[in-house]
Amino acid sequence: MEHDLAKEKRFKRWITIISIAIPVVVALLFGYKIPNAKPLSFLPPIYASINGLTAILLVWAVIAIKNGKRNLHQKLMTTCIVLSALFLVMYVAYHMTSDSTKFGGDGAIQYLYFFILITHIALSIAVIPLVLVTYSKGYLGDFQGHRKWAKFTFPIWLYVAVTGVVVYLMISPYYAH
């Protein structure tokens, strides 16, 4: 029991550090442009596709666990975390080599775009500790705690993944090609 509590305490410490470090590092790197770097303009459709794949795998993982396929569920969720990290690396790399694209629509569509974008960004930050806590609960064998956290984590993570695709589709006509 004591060993499990120590492990959980270590996990909590790392979850806190990672949950703070990722948004801070991304914000710092987002504002930095690599001098004379060739724009990585091919990345947005790739990382948007990664978001779409993540959404599909999240739904598949929930179906798997509801059907008692714990091993498949674990593999799918681990894949979703890896895909999310890959997305983040590509997203930052794109923004370190390319100017941000301005949304060109106006009127109601502009308000809809900014609502989706702002909620996507805010929830993408909020979901980091949720994913890490939920995953750690499963990893540590606290399946009751895992299920409790997953009820909040899943819909938020799914929203972030789906709106990542929506944001890309809405802004893609305005990319400089």
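Please read these numbers as outputs of a predicted model, since none were measured by experiment.

Procedures and definitions
Throughout, residues of each chain are indexed from 1 in the direction in which the sequence is written. Local features in this predicted model are restricted to residues whose pLDDT is 70 or higher, and side-chain atom pairs enter the listing and the counts only when it is 80 or higher, whereas totals over whole chains, interfaces and linings include all residues. The basis for every side-chain value is the complete set of heavy atoms in the structure, and neither hydrogens nor water enter the calculation. Secondary structure elements follow DSSP: runs of H or I of four or more residues count as helices, runs of E of two or more count as strands, with numbering from the N terminus. Expected span of a helix, by definition, is 1.5 Å for each gap between consecutive residues, and there is one gap fewer than residues. Burial here depends on accessible area, computed with a 1.4 Å probe over protein chains only, as a share of the maximum for the residue type. Under 20% is buried, over 50% is exposed, and the range in between is partly exposed. Contacts are assigned to residue pairs that have any heavy atoms within 4.5 Å of one another. Interaxial angle, 0 to 180 degrees, is taken between N-to-C directions of lines fitted to C-alpha atoms, where a helix line uses only the stretch in contact. Roughly parallel means an angle under 35 degrees; roughly antiparallel, over 145; roughly perpendicular, 65 to 115; everything else is oblique. A clockwise turn of the near helix away from the far one marks a right-handed crossing, whereas an anticlockwise turn of less than a right angle marks a left-handed crossing. Each residue is assigned to one of three groups, with Ala, Val, Leu, Ile, Met, Phe, Trp, Tyr, Cys and Pro labelled nonpolar, Asp, Glu, Lys and Arg labelled charged, and all others, Gly among them, labelled polar. When the centres of two rings from Phe, Tyr and Trp lie within 6.5 Å, Trp using its six-membered ring, the rings pair. Their planes under 30 degrees apart give stacked, over 60 give edge-to-face, and anything left gives tilted. To form a nonpolar core, buried Ala, Val, Leu, Ile, Met, Phe, Trp, Tyr and Cys residues must be joined to one another through side-chain atoms within 4.5 Å.

What follows concerns helix 2 (residues 43-66). Residues lying three or four places apart along an α-helix face the same way, a consequence of the helix completing one turn every 3.6 residues. Between its terminal C-alpha atoms helix 2 stretches 35 Å, which fits the 34 Å expected from 24 residues at 1.5 Å a residue. Turning to helix 2, its buried residues are Leu43, Pro44, Tyr47, Ala48, Ile50, Asn51, Thr54, Ala55, Leu57, Leu58, Ala61 and Ala64. In this fold, the buried residues of helix 2 make contact with helix 3 (70-97) and helix 5 (143-171). Two residues or fewer after helix 2 comes Gly68, characterised by a positive phi angle close to 75 degrees.

Looking now at the packing of helix 2 against helix 5. The interhelical angle for the contact between helix 2 and helix 5, taken along N-to-C directions, is 150 degrees, at an axis separation of 8 Å. Considered as vectors, helix 2 and helix 5 are oriented roughly antiparallel to each other. The hand of the helix 2/helix 5 crossing is left-handed. Where helix 2 abuts helix 5, its residues Pro44, Pro45, Ala48, Asn51, Gly52, Thr54, Ala55, Leu58, Val59 and Val62 lie against Phe154, Trp157, Leu158, Ala161, Val162, Gly164, Val165 and Tyr168. Of the residues that constitute the contact of helix 2 with helix 5, the class distribution is 14 nonpolar, four polar and no charged.

Right, let's get into the packing of aromatic side chains. Applying the stated criterion across every chain, the model contains 11 aromatic pairs. Taking 5.6 Å as the distance between ring centres and 55 degrees as the angle between the ring planes, the aromatic pair formed by Phe11 and Tyr139 counts as tilted. Of this pair, Phe11 sits in helix 1 (residues 2-30) while Tyr139 sits in helix 4 (residues 108-139); the two residues are 128 residues apart in sequence, bridging distant segments of the chain. Among the residues examined, Tyr139 registers a relative accessible area of 54% and is labelled exposed.

It is worth spelling out the nonpolar core at this point. Grouped together as the largest cluster of nonpolar side chains are 27 residues, with contacts concentrated most on Tyr47, Tyr113, Trp157 and Tyr175. When residues of this core are traced back to their parent elements, those giving at least two are helix 2, helix 3, helix 4 and helix 5. Top contributing element to this core by residue count: helix 2, with eight residues. With near-sequence residues (within four places) excluded, Tyr113 lies in contact with Phe103, Val167, Met170 and Ile171.

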